[in-house]
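An overview of the molecular structure
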Amino acid sequence: MLSTPWSSSLNLRTPIINAPMGGVAGGRLASAISGAGGLGMIGIGTAGSVELIERESAIPRQARQPFGIGLLGWAVDQEPLLLGAALDAQPILISLGFANVSPWVHRVHDADILLATQVYDAQGARDAQTAGVDIIIARGSEGGGHGLNNVATLPLLQAVLEEVEIPVLAAGGIGSARGLAAVLAAGAAGAWIGTAFLLCPEALTPAAAHSRIIRANETDTVYTRSVDAAMGFAWPTQFGERVLRNRFTERWSGDEERLVDDDRARAAFSRARDEGDFDLAEIAAGQGVGLLSNARSAEEIIHGFTNGAAELLGRWATTSPTRPENDAGGPATE
Ligand SMILES: Cc1cc2nc3c(=O)[nH]c(=O)nc-3n(C[C@H](O)[C@H](O)[C@H](O)COP(=O)(O)O)c2cc1C
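All of the points below concern the structure found in this document. (Residues numbered from 1 in each chain as written. Predicted model: local features only at pLDDT ≥ 70, side-chain atom pairs only at ≥ 80, totals over all residues. Heavy atoms only, no water.)

1. Here we look at the overall build of the protein
The helix and strand inventory of the protein stands at 15 helices and 13 strands. Relative to the globule expectation of 20 Å for 334 residues, the C-alpha radius of gyration of the protein, 19 Å, shows essentially globular dimensions. Along the three orthogonal principal directions, the C-alpha set of the protein runs to about 60 × 45 × 40 Å. Expressed as a percentage of the 334 residues in the protein, the buried residues total 54%. The long-range share in the protein, meaning contacts at least 24 apart out of those at least 6 apart in sequence, stands at 62%. With the model as given, the accessible surface of the protein reaches about 14300 Å², and the carbon-plus-sulfur share is 48%. (Helix = DSSP H or I, 4+ residues; strand = E, 2+ residues; numbered from the N terminus. Rg over C-alpha atoms; globule rule 2.2 N^0.38 Å. Buried < 20%, exposed > 50% of the residue type's maximum accessible area, 1.4 Å probe, protein only. Contact = heavy atoms within 4.5 Å. Areas by Shrake-Rupley, 256 points an atom, 1.4 Å probe, with all protein chains shown as cover.)

Written out as structure tokens, the structure reads:
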């Protein structure tokens, strides 16, 4: 068991939350993560709908596991029913990102649900705290999926921890027990982890993507807007996403203006997505992908991260007379 004051307050047995990965983190993964002692999040991504929220959240609910739901703020702006459905599903946590969250804080709190949001710099963390958000996710540029590409996880986490009093989860590139130990030792209340769960049998990652994920090393990702440009997704243009480099990103990353007008290229990309042809279609993943070498269950990963981090932190505690102080408190192991 590994705990921080924040994870104990939620009755978690380990301070690990899976990132709400659209198209990857459904109810089955959320259930497995919570069952293993972390907190499972359901990702409602660009293909999100009220039906998807209802269907996926029924899985952890039936298993009597706590869970969270991650929504895209800009999608809620376009379709407010998504937030209503997420509130009705009674998660313990909702994450809203990629938009100004202020208008939603009261509604989430009125339903007795905690609100989290991703930030990319210290100013974003201050703004989120002022808006009344309960949990900040300091998400570094090495993370998979969408975000900003400006600050890496470690400098970001340090800056954010200096800036706010509310619990801060570290995200981006946490791919082993070492990464978990590092962010907890720095003062994070927990870790928000996406890429490391991509190969779990409980995840929705297409089978055809597995061998590419296993082959990829830490230098094989690229931050790009080419996927959103090809698909015409309504992502705010300041956000790109980190994906595995492939033939499509090599051709179009940085050339998005031309891509938008190239109907043939866009149609070919869309077809490749439908057919699972990952020479062209994207696989979102962060730089921690290099640490993934085989498929393991969510429970195995959580136990490996937790036990390994407890051991590393125990070693560190015996040689260090003091613990770093922050409002989330240092990690405790037993
Ligand atoms: C396949 C994939 C899909 C993602 N989809 C979403 C999403 O729908 N909503 C969201 O808030 N974040 C999403 N993310 C980003 C994560 O929330 C998080 O920032 C990231 O996974 C953390 O870095 P890591 O992947 O290195 O662990 C996604 C990440 C991945 C890898």
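2. Things to note about the pairing of strand S9 (residues 168-171)
The alternating pattern of S9 places Val-168 and Ala-170 on one face and Leu-169 and Ala-171 on the opposite face, and all of these are buried. By the bridge criterion, 4 bridges tie strand S7 (residues 135-139) to S9 in an arrangement that is parallel. Of the residues in S9, the one forming a bridge with Ile-137 is Leu-169. As a crossover connection, the stretch from S9 through helix H9 (residues 177-186) into strand S10 (residues 190-193) is right-handed. (Pairing = 2+ DSSP bridges. Right-handed = clockwise from strand over helix to strand, strands pointing away.)

3. Observations concerning the sheet that holds strand S11 (residues 221-224)
Consider a sheet: its strands pair through backbone hydrogen bonds, and that pairing is either parallel or antiparallel. Overall, antiparallel pairing links the 3 strands, which are arranged S8-S12-S11 in an open sheet. The open sheet terminates on both sides in strands that have one partner only, identified here as strand S8 (145-147) and S11. Taken pair by pair, the neighbouring strands of this sheet meet at an average axis angle of 25°, ignoring direction. Strand direction decides the pairing type here: S8 and strand S12 (residues 240-244), joined by 3 bridges, are antiparallel. When the sheet's bridge partners are listed, Gly-145 is paired in S12 with Arg-242. (Axes fitted to C-alpha atoms, helices over the stretch in contact; angles between N-to-C directions.)

4. Considering the nonpolar core
It is characteristic of soluble globular proteins that their nonpolar side chains tend to be buried jointly. Grouped together as the largest cluster of nonpolar side chains are 110 residues, with contacts concentrated most on Leu-71 and Phe-197. Each of domain 1 (2-204 + 293-333) and domain 2 (207-288) accounts for three or more of the residues forming this core. Setting aside anything within four residues of it in sequence, one finds Leu-71 in contact with Ile-44, Ile-53, Val-76, Leu-82, Leu-83, Ala-86, Ile-94, Ser-95, Leu-96 and Gly-97. (Core = buried A, V, L, I, M, F, W, Y, C linked by side-chain atoms within 4.5 Å. Domains from an automatic or database assignment.)

5. Here's the deal with the packing of aromatic side chains
Going through the model one piece at a time under the given rule, you end up with 6 aromatic pairs. Between Phe-98 and Phe-239, the ring centres sit 5.1 Å apart and the planes meet at 85°, which makes this aromatic pair edge-to-face. Note that Phe-98 is positioned in the loop between strand S5 (93-97) and helix H6 (105-110) and Phe-239 in the loop between helix H11 (226-231) and S12, a separation of 141 residues in sequence. Note on accessibility: Phe-98 and Phe-239 belong to one class, buried. With 4.2 Å between their ring centres and 25° between their planes, Phe-248 and Phe-269 make a pair best called stacked. With Phe-248 in helix H12 (residues 247-252) and Phe-269 in helix H14 (residues 263-275), the pair connects residues that are 21 residues apart, well separated along the chain. On the basis of relative accessibility, which here comes to 3%, the residue Phe-248 falls in the buried class. (Phe/Tyr/Trp six-rings, centres within 6.5 Å; stacked < 30°, edge-to-face > 60°.)

6. Structural notes on helix H5 (residues 81-88)
An α-helical turn contains 3.6 residues, so a residue and the one three or four places further along point in the same direction. For H5, a buried count of 6 out of 8 residues is recorded, marking the element as mostly surrounded by other parts of the structure. Buried within H5 we find Leu-82, Leu-83, Gly-84, Ala-85, Ala-86 and Leu-87. Those residues of H5 that are buried lie in contact with helix H3 (50-62), strand S4 (67-72), helix H4 (73-78), S5 and H6. Downstream of H5 by one or two residues, Gln-90 has phi in the positive range, about 55°.

7. Observations regarding the site of the ligand
Every one of the 21 residues lining the ligand counts as a neighbour, but Pro-20, Gln-118, Gly-173, Gly-194 and Thr-195 are closest to it. Here an oxygen atom of the ligand and a backbone polar atom of Gly-144 are 3.1 Å apart. Residue Gly-194 places a main-chain N or O atom 2.8 Å away from an oxygen atom belonging to the ligand. In terms of residue class, the shell around the ligand is made up of 10 nonpolar, 10 polar and 1 charged. (Near = heavy atom within 4 Å. Polar contact = N/O pair within 3.5 Å; in protein donor to acceptor, adjacent residues only side chain to side chain. Nonpolar A, V, L, I, M, F, W, Y, C, P; charged D, E, K, R; others polar.)

8. Overview of the sheet that holds S9
Here 8 strands make up an open sheet; going across it, the order is S2-S10-S9-S7-S6-S5-S4-S3 and the pairing parallel. The sheet is open, and its two edges are formed by strand S2 (16-18) and strand S3 (40-43), each paired on a single side. The mean angle between the axes of side-by-side strands here comes to 25°, regardless of whether they run parallel or antiparallel. As paired elements, strand S6 (residues 114-119) and S7 share 4 bridges and run parallel to each other.

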